[in-house]
Amino acid sequence: MSFDKAIIDTVVTAKIVEALDYARARQSFVLISGSTGRGKTFTAARWAEDNHATMVRAASGASRRSFLAQLCAALHVDVRPNASAAVMLQKLCDQATGKDMLIVDEAGFLLPRASRVACALEILRDLYDICRVPVALIFTDVYLRDLAAGVQADYFEQFKGRIGRRVDIPERVYRSEVAAVCRHFIPDASDRLIAGALAATRKRDGKLRTLFDDWAKAAEYAACEGRTVTEADFRAAVNWRRAGGVWPQEAE
């Protein structure tokens, strides 16, 4: 498996994989939440590819009908373009089984808004309750906080009892995570490099996502010259990214 497809073993990716394995093995409902850049989507996408699961990303403002159409397409359920939501749901329930595994990224977009109760998220509850389809929901943590404390808190209680396993990823990046990523690319990465990468990762919005991007750029540098990646390549990639916000100074 190439570096860009590998799940790098960290305390966080291990928890995510454990939850996904649990959902599949026990035909369960699991929930994974965390702030942006913590590896949720990346890890789940690689796991889905390796385990022949279906992963979809919920669209902003998704309606019941649009999400049903998305699921039908992803699960290869044949429906007419003008089919009603009821028809699509029935066809899904007729064909989906416990052998199917659904991972829904950005599941916060499926939550009810204001007083709207009949939302897209109900579809997943139906597939789980009726067909025992294993479901993994991936949330950006802000959506769950708003839901738990907002006007739809009672609504969320209906899902709590179905959640077989929940993973809430800490916002703060662990040093061991950064070390694992750095040593995935350079097995003998220095403590100085790891410390610098950790400091940068903790203070920028992209967190591990940006760290991965920097290493991917470093690997491209090295590949162009037909050699293995070095710490100098990584530093060059970081400097290249940072230079994007630097403008030349000109005399008035």
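Residues numbered from 1 in each chain as written. Predicted model: local features only at pLDDT ≥ 70, side-chain atom pairs only at ≥ 80, totals over all residues. Heavy atoms only, no water.

S.K.: It is not clear to me how the packing of aromatic side chains should be interpreted in this structure. Could you clarify?
M.R.: Remark: the centre distance and the inter-plane angle together describe each pair of aromatic rings, the angle taken between the planes. Scanning the model with the defined rule gives 4 aromatic pairs in all. Ring centres of Phe42 and Phe212 lie 5.2 Å apart, and the angle between their planes is 25 degrees; on these two criteria the pair is classed as stacked. On the criterion of sequence distance, the pair formed by Phe42 in helix α2 (residues 40-51) and Phe212 in helix α10 (residues 208-224) is long-range, its members being 170 residues apart. Overall, the relative accessible area of 25% leaves Phe42 in the partly exposed class. An aromatic cluster is defined as three or more aromatic residues linked by ring pairs; in this entry it consists of Phe185, Trp215 and Phe234. We note Arg132 situated over the ring of Tyr128; from NZ or CZ to the ring centre the distance is 4.3 Å. (Phe/Tyr/Trp six-rings, centres within 6.5 Å; stacked < 30°, edge-to-face > 60°. Helix = DSSP H or I, 4+ residues; strand = E, 2+ residues; numbered from the N terminus. Buried < 20%, exposed > 50% of the residue type's maximum accessible area, 1.4 Å probe, protein only. Lys NZ or Arg CZ within 6 Å of the ring centre and 35° of its normal.)

S.K.: Hey, could you run me through the packing of helix α1 (residues 11-26) against α2 in this one?
M.R.: The angle between the axes and the distance between the axes are what describe a pair of packed helices. Interaxial distance between α1 and α2 falls to 10 Å at its minimum, and their mutual angle equals 45 degrees. In terms of orientation, α1 and α2 fall into the oblique class. Pair α1 / α2 crosses with right-handed handedness. Facing α1, whose interface residues are Thr13, Ile16, Val17, Leu20, Asp21 and Arg24, α2 presents Lys40, Thr43, Ala44, Trp47 and Asn51. Grouping the constituent residues of the contact of α1 with α2 by class yields 5 nonpolar, 3 polar and 3 charged. (Axes fitted to C-alpha atoms, helices over the stretch in contact; angles between N-to-C directions. Parallel < 35°, antiparallel > 145°, perpendicular 65-115°, else oblique. Left-handed = near helix turned anticlockwise from the far one by under 90°. Contact = heavy atoms within 4.5 Å. Nonpolar A, V, L, I, M, F, W, Y, C, P; charged D, E, K, R; others polar.)

S.K.: I'm lost on unusual backbone geometry in this one. Help?
M.R.: Most peptide bonds take the trans form, and the phi angle of most residues other than glycine is negative. The phi angle at Gln27 is positive, at roughly 50 degrees, despite the residue not being glycine. Here Gln27 shows up in the loop between α1 and β1 (29-34). Owing to a relative accessible area of 32%, Gln27 belongs among the partly exposed residues under this scheme.

S.K.: Help me out: how do you make sense of the sheet that holds β1 in this one?
M.R.: Pairing between sheet strands relies on hydrogen bonds along the backbone, with the strands arranged either parallel or antiparallel. What the 5 strands build is an open sheet, ordered β2-β3-β4-β1-β5; its pairing is parallel. The open sheet is flanked by β2 (54-57) and β5 (163-168), the only strands paired with a single partner. Each strand axis lies, on average, 15 degrees off the axis of its neighbour in the sheet, ignoring direction. As paired strands, β1 and strand β4 (residues 135-140) are joined by 6 bridges and run parallel to one another. What sits directly across from Phe29, in β4, is Val135. In the packing of helix α3 (residues 64-74) onto the sheet, the strands contacted are β2 and β3 (102-105), and the crossing angle to β2 comes to about 150 degrees. Those strands touched by helix α5 (residues 121-131) are β1, β3 and β4, and its axis lies near 155 degrees from that of β4. (Pairing = 2+ DSSP bridges.)

S.K.: What am I meant to see in helix α8 (residues 175-185) here?
M.R.: Two residues of an α-helix separated by three or four positions point the same way, owing to the 3.6 residues in each turn. All buried positions along α8 are accounted for by Glu177, Val178, Ala179, Val181, Cys182 and Phe185. Considering only its buried residues, α8 is in contact with α1, α9 (191-203) and α10.

S.K.: What's the story with the side chain of Ser28 in this structure? I'm lost.
M.R.: With respect to the helices, strands and loops of the structure, Ser28 is situated in the loop between α1 and β1. Contact partners of Ser28, with chain neighbours within four places excluded, come to Tyr22, Ala23, Tyr128, Pro134, Val135 and Gly164.

S.K.: What's the story with the pattern of salt bridges in this structure? I'm lost.
M.R.: If the charged atoms of two oppositely charged side chains come close together, the side chains can form a pair. With the rule as written, the count across this model stands at 14 salt bridges. One salt bridge connects Arg162 with Asp129, and the closest N-O pair in it is separated by 2.9 Å. You can see Arg162 sitting in the loop between α7 (153-160) and β5 and its partner Asp129 sitting in helix α5, a full 33 residues away along the chain. Since its relative accessible area comes to 34%, Asp129 is described here as partly exposed. The partner of Arg227 in a salt bridge is Asp233, with the nearest N and O atoms 2.7 Å apart. With a relative accessible area of 6%, Asp233 lands in the buried category. Taken together, the shared-partner salt bridges connect Arg175, Arg183 and Asp191 into one network. (Salt bridge = Lys/Arg side-chain N within 4 Å of Asp/Glu carboxyl O.)

S.K.: When you look at the environment of Thr13 in this model, what are you seeing that I'm missing?
M.R.: If you trace the backbone, Thr13 turns up in helix α1. You can call Thr13 buried: its relative accessible area is 12%. A sequence separation of 26 residues divides Thr13 from Gly39, and the C-alpha atoms of the two residues are 7.3 Å apart. Ignoring any residue separated from it by four or fewer positions in sequence, one finds Thr13 in contact with Ile7, Ile8 and Thr43.

S.K.: What am I meant to see in the side chain of Thr54 here?
M.R.: If you trace the backbone, Thr54 turns up in strand β2. Among residues more than four places away in sequence, those in contact with Thr54 are Ala74, Leu75, Met101, Leu102 and Ile103.

Read these as spatial facts, not as claims about activity.
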